[in-house]
Amino acid sequence: MSNEQLVSKVWNYAHVLRDQGISSGDYIEQITYLLFLKMDQEREELLGETSAIPPAWNWAQLANKDGDELELQYRHTLEALAREPGLIGTIFRKSQNKLSDPAKLKRVVGLIDKEGPWIGLQVDVKGEIYEGLLERNASEVKSGAGQYFTPRPVIEAIVRCVEPKIGETVCDPACGTGGFLLAAFEHMKTQSQDREKLRGLRHSAFTGVDIVDEVVRLCAMNLYLHGIGNGGSPVVQRDALAGDTGDRFDVVLTNPPFGKKSSYKVVGEDGSVSTERENYEREDFKFTTSNKQFNFLQHIMTSLDTYGRAGVVLPDNVLFEAGRAGEGIRKRLLEGFNFHTLLRLPTGIWYSPGVKANVLFFDKRPASRDVQTKELWVYDYRTNVHKTLKTKKLTDSDLNDFVHCYHERKETERFRRFTYEELAQRDKLNLDIFWLKDDSLEDIDSLPAPDVLATEIVENLEAALEQFRSVSAELAEDRD
């Protein structure tokens, strides 16, 4: 049975459970725990690796029980493993049994036990099955998990451009389920046959941070299934923006969560509700702002080691937002870093609708009075490009030309070079640069298919509504 068939089989049972009151998100969470225990057993039996699970809580203790005895064993297993250190404790952190009906639990345990082995006997443990489940969960609008996913072709293209090398450290400060870290690992693992280098790659090269407990667990599990972080956990639960840990990295690859403002509601003792804006007061941040995207950009600037490299997905507002912070951060990016490449991504490729995003590629440089960005190359893969999540999905081949242009540095119809002098003359240092003519504005035959056009209209309306909400919230804050 292929991986895709296994994903379908396991996912179909998620629908059965959902009809009985168990959400797909809760189901994925339970699958995380159970698949981990099953694959830990297979790694020990088939690959000869040492198990990190105490014998009292391993898969065999679940597989041979049913009824109330099974439910009790599972509940105690989750409680015990949540207290373990390292990777085990990270995966089982705050775990609870959501399959309290012994019959449903037995069916899931039986499904996982019967369909094995879940790991391949190649060099690495494979996680395609688990990743398939995560993507199915993300694609369900009601699940809300799509915010943690960056389209795989975008991730692959960024890694092919930044080219992390074995021996370098890689960080994702908003790691979600680990897509960037896994793509970097796949790119780096073929670069050497040296056992010590490969061991370092698996155990110390990668660092992930995320603020959401459940997502940290999913990421740790995903990395484990690919053979990364055995023992210690490469991913931690933390607000990456809260402070500078002092860690520096050779490569940062990330797609910070969409959403412009950092704010929260405060309920007073008298029941009144006010909105507090969350500004991160950090000495390493040159500008104080409530814009989460700008804060992540400043955090990445700090996190890079000298001559470190970054590939970062950020929304359009980072390129044009006015004000002291927006203009100042762009100026710092151009003058203190080598901001050499900008990729304008098409709309319609995100689970969150209405998103217009770009990839910023920049390198850190030692402090200098000289401007570090001599020229910025912009690749426009948005104008006259129409994508949807279902009928016209983004593929790896769609970004092949960009990757080629990234390395060749020759101007084409979609790839243009702009000198620092040209950029510095732009009003408020606006870097939202485009030059291609939108064919659909003049030629009705160039309009996209009706379903694509409808999707684009909906996305534009939702994006406009989000901007109105942001303005409304700011006006309310000013009034308070």
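Residues numbered from 1 in each chain as written. Predicted model: local features only at pLDDT ≥ 70, side-chain atom pairs only at ≥ 80, totals over all residues. Heavy atoms only, no water.

**A short note on the overall build of the protein chain**
This is how it is decided: Each helix is a run of DSSP H or I of at least 4 residues and each strand a run of E of at least 2, with the numbering of both proceeding from the N terminus. Partly exposed residues are those whose accessible area sits between 20% and 50% of the maximum for their type, while under 20% is buried and over 50% is exposed, using a 1.4 Å probe and protein chains only. Between two residues, a contact is recorded if the distance between any of their heavy atoms is within 4.5 Å. All accessible areas in this document rest on Shrake-Rupley with a 1.4 Å probe, and a residue is counted as covered only by the protein chains that are shown.
Counting its secondary structure elements, the protein chain contains 17 helices and 11 strands. Here the protein chain holds 480 residues, and 50% of them are scored as buried. The contacts of the protein chain with a sequence gap of at least 6 include a subset with a gap of at least 24, amounting to 76%. Carbon and sulfur atoms form 48% of the exposed surface of the protein chain, whose accessible area is close to 22600 Å².

**Focus: unusual backbone geometry**
In the Ramachandran plot, N384 falls in the positive-phi region, its phi being about 65° despite a non-glycine side chain. Inspection of the secondary structure assignment puts N384 in the loop between β10 (375–380) and α15 (400–408). Positive phi values are uncommon outside glycine, yet R409 reaches one of about 60°. You can see R409 is positioned in the loop between α15 and β11 (415–419). R409 gets classed as partly exposed once you look at its relative accessible area, which sits at 25%.

**A word on the pairing of strand β4 (residues 249–254)**
Short version of the rule: Pairing between strands is defined by DSSP: at least two bridges between them are needed.
With 5 of 6 residues buried, β4 is to be regarded as a mostly interior element. With 2 bridges joining them, strand β1 (residues 170–172) and β4 adopt parallel strand pairing. Across the sheet, the residue bridging to V170 is V251, located in β4. Relative to strand β7 (residues 304–315), β4 is paired through 5 bridges, and the arrangement is parallel. In the sheet register, V251 faces β7, and the bridge partner there is R309.

**Section: the side chain of D213**
Its place among the elements puts D213 in helix α11 (residues 213–225). The class for D213 is buried, based on a relative accessible area of 16%.

**Here's the deal with the sheet that holds strand β3 (residues 235–237)**
Under the convention used in this document: Axis angles are defined between N-to-C directions and span 0 to 180 degrees, where every axis is a line fitted to C-alpha atoms and, for a helix, only to the segment in contact.
On the basis of which strands lie adjacent, the open sheet formed by 9 strands has the order β3-β2-β1-β4-β7-β9-β8-β10-β11 and mixed pairing. Two strands close off the open sheet at either side, each with one partner strand: β3 and β11. Within this sheet the neighbouring strands show an average axis-to-axis angle of 15°, counted without direction. By the bridge criterion, 4 bridges tie strand β8 (residues 337–344) to β10 in an arrangement that is parallel. The partner of L343 across the bridge, within β10, is Y379. Strands in contact with α15 are β8, β9 (357–364), β10 and β11; relative to β8, the strand with the most contacts, it is inclined by about 155°.

**With respect to the pattern of salt bridges**
Note the cut-off: Salt bridge, as used here, is a side-chain nitrogen of Lys or Arg placed within 4 Å of a carboxyl oxygen of Asp or Glu.
For the structure on display, the rule yields 18 salt bridges. The salt bridge involving K38 is made with D113; its shortest N-O contact spans 3.3 Å. Highlighted residues: K38 in helix α2 (residues 24–47) and D113 in helix α6 (residues 102–114), separated in sequence by 75 residues. Residue D113 is classed as partly exposed on the basis of its relative accessible area of 33%. Among the salt bridges present, the one from D213 reaches R93, with a minimum N-O distance of 2.4 Å.

**Some details on the state of the cysteines**
Note the threshold: In this description, a disulfide is simply a cysteine sulfur pair whose atoms lie within 2.5 Å.
Under the counting rule described, the total for this entry stands at 0 disulfides. With no disulfide partner, C171 has as its closest neighbouring cysteine sulfur the one in C175, 8.5 Å distant. With no disulfide of its own, C219 has C175 as its nearest cysteine by sulfur position, at a separation of 3.9 Å.

**Looking at helix α8 (residues 152–162)**
Of all 11 residues in α8, 8 are buried; the element is thus mostly enclosed. Residues of α8 that are buried make contact with α9 (179–188), β4, β7, β9 and α15. Of the residues trailing α8, E163 is marked for its positive phi of about 55°.

**A word on helix α12 (residues 292–303)**
Definition in use: What a helix should span is 1.5 Å times the count of its residues minus one. Pairs of N or O atoms are called polar contacts if they sit within 3.5 Å, as long as, within protein, a hydrogen donor faces a hydrogen acceptor (for residues adjacent in sequence, only side-chain-to-side-chain pairs).
Helix length check: α12 (12 residues) gives 16 Å between terminal C-alpha atoms against 16 Å at 1.5 Å per residue, within 8%. In terms of residue burial, α12 counts as a mostly covered element, since 12 of its 12 residues are buried. Looking at the buried positions of α12, the neighbouring elements they touch are β4, β7, α13 (317–320), α14 (324–336), β8 and β9. Capping of α12 at its N-terminal end is provided by N291; its side-chain oxygen lies 2.9 Å from the backbone amide nitrogen of Q293.

**Comments concerning the packing of aromatic side chains**
Selection rule: The rule is short: rings of Phe, Tyr and Trp, with Trp giving its six-membered ring, pair when the centres are within 6.5 Å, and they are stacked under 30 degrees, edge-to-face over 60, tilted in between.
Counted under the stated rule, the structure contains 12 aromatic pairs. Look at F361 and F402: their rings are 5.9 Å apart centre to centre, the planes differ by 35°, and that puts the pair in the tilted class. You can see F361 sitting in strand β9 and its partner F402 sitting in helix α15, a full 41 residues away along the chain. You'll find F361 and F402 in the same group, each marked buried. Relative to F415, the ring of Y379 lies with its centre 5.9 Å away and its plane at 50°, an arrangement referred to as tilted.

**A few points about the packing of α8 against α15**
Test applied: By the definition adopted for this analysis, an angle is roughly parallel if under 35 degrees, roughly antiparallel if over 145, roughly perpendicular if from 65 to 115, and oblique otherwise. By the definition used in this description, the sense in which the near helix is turned from the far one sets the handedness, with an anticlockwise turn below a right angle giving left-handed and a clockwise turn giving right-handed. Side-chain classes follow a simple rule in which Ala, Val, Leu, Ile, Met, Phe, Trp, Tyr, Cys and Pro form the nonpolar group, Asp, Glu, Lys and Arg form the charged group, and the remainder, Gly included, forms the polar group.
Packing of α8 against α15 brings their axes to within 10 Å, and their N-to-C directions diverge by 15°. Regarding the angle of α8 to α15, the classification is roughly parallel. Viewed along their axes, α8 and α15 form a crossing whose handedness is right-handed. On α15, the residues that touch A157, R160 and C161 of α8 are N400, F402, V403, Y406 and H407. Among the residues making up the contact of α8 with α15, the classes are represented as 5 nonpolar, 2 polar and 1 charged.

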